[in-house]
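Descriptive analysis of the structure
Single-letter residue listing:
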Amino acid sequence: MSSESDNDPVFKALAHYRRREILDILKDGPRTTGMLCEVFAEMDRCTVMQHLKVLEEAGLIIPKKEGRERWNHLNSLPIKHIYDRWISAYAGHALSILDQLKGDLEDRL
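Quick look at the structure, then. None of these values were measured; they are calculated from a predicted model.

Comments concerning the overall build of the chain
Of regular secondary structure, the chain possesses five helices and three strands. Its C-alpha radius of gyration of 19 Å places the chain more than 25% over the 13 Å reference for a compact globule of 109 residues. The principal-axis extent of the C-alpha atoms belonging to the chain is close to 70 × 30 × 20 Å. A burial count over the chain gives 27% of its 109 residues as buried.

Details of the side chain of R18
On the secondary structure map, R18 appears in helix α2 (residues 17-26). We classify R18 as buried; its relative accessible area is 15%. There is a polar contact of 2.8 Å between the side chain of R18 and the side chain of E42. Excluding anything up to four places from it in sequence, R18 contacts F40, E42, M43 and H51.

Some remarks on the pairing of strand β2 (residues 61-66)
As paired elements, β2 and strand β3 (residues 69-74) share six bridges and run antiparallel to each other. From the neighbouring strand, K65 faces β3, where its bridge partner is R70. Hairpin connection from β2 to β3: two residues lie between these consecutive antiparallel strands, with G67 at a positive phi of about 65°.

Observations concerning the sheet that holds β2
In space, the three strands of this open sheet follow the order β1-β3-β2, with antiparallel pairing throughout. This sheet does not close on itself; its edge strands, each paired only once, are β1 (31-32) and β2. Those strands touched by α2 are β1, β2 and β3, and its axis lies near 90° from that of β3. Helix α4 (residues 45-57) rests against β2 and β3 of the sheet, and its axis sits at about 115° to β2.

Quick look at the pairing of β3
Side-chain positions along a regular strand alternate between the two faces of the sheet. Pairing analysis gives two bridges linking β1 to β3, with the strands arranged antiparallel. Pairing of R31 across the sheet is with N72, part of β3.

As for a nonpolar patch on the surface
Taken together, the side chains of L95, L98, L101 and L105 present a nonpolar region at the surface, about 410 Å² in accessible area. Locating L105 in the fold gives a position in helix α5 (residues 77-108). Residue classification places L105 among the partly exposed residues on the basis of a relative accessible area of 48%.

Definitions and limits used
- Position numbers for residues start from 1 in each chain and track the written sequence from start to end.
- At least 70 in pLDDT is required for a residue's local features to be given in this predicted model, at least 80 for side-chain atom pairs to be given and counted, and no such filter applies to totals for whole chains, interfaces and linings, which use all residues.
- Each side-chain value is worked out from all heavy atoms of the structure, with water and hydrogens disregarded.
- Each helix corresponds to a stretch of at least 4 residues labelled H or I by DSSP, and each strand to a stretch of at least 2 residues labelled E; elements are numbered beginning at the N terminus.
- Atoms considered for the radius of gyration are the C-alpha atoms alone. The globule rule reads 2.2 Å times the number of residues to the power 0.38.
- Type-normalised accessible area, obtained with a 1.4 Å probe on protein chains alone, sets the label of each residue: buried when under 20%, exposed when over 50%, and partly exposed for intermediate values.
- Pairs of N or O atoms are called polar contacts if they sit within 3.5 Å, as long as, within protein, a hydrogen donor faces a hydrogen acceptor (for residues adjacent in sequence, only side-chain-to-side-chain pairs).
- What makes two residues a contact is simply this: any of their non-hydrogen atoms within 4.5 Å.
- The criterion for strand pairing is that DSSP finds at least two bridges linking the strands in question.
- For every element, the axis is a line fit to its C-alpha atoms; helices are fit only across the contacting stretch, and the angle between N-to-C directions ranges from 0 to 180 degrees.
- A patch consists of residues whose relative accessible area exceeds 30% and which take part in no salt bridge; residues with like charges are grouped when within 9 Å of each other, and nonpolar side chains (Val, Leu, Ile, Met, Phe, Trp, Tyr) when within 5 Å.
- Exposure was quantified through the Shrake-Rupley algorithm and a 1.4 Å probe, taking into account, for residues, occlusion by the shown protein chains and nothing else.
- Salt bridge criterion: a side-chain nitrogen from Lys or Arg within 4 Å of a carboxyl oxygen from Asp or Glu.

Rendered as structure tokens:
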């Protein structure tokens, strides 16, 4: 199991809405940096590349150079690790509380 601080770059990357938007786009398939710049035309290329760098450092994207193009591929494993460590454990606890509440309410009827 990774240490807690290993997740910090992932949380940092996911904290910004633009980076989450980039990941949403990459769910449909890899895109070149140029394609992402076209999608986010309101941002300059340098800003898009800074967001991509944060995502890459967090391990959320894997860039592959093909000729002059840089293809950005989604890597969802870091998000799965966060889900396994944080979300699934808390969701299971919440479900057990709801199940207990349901049982208590049924006992009253």
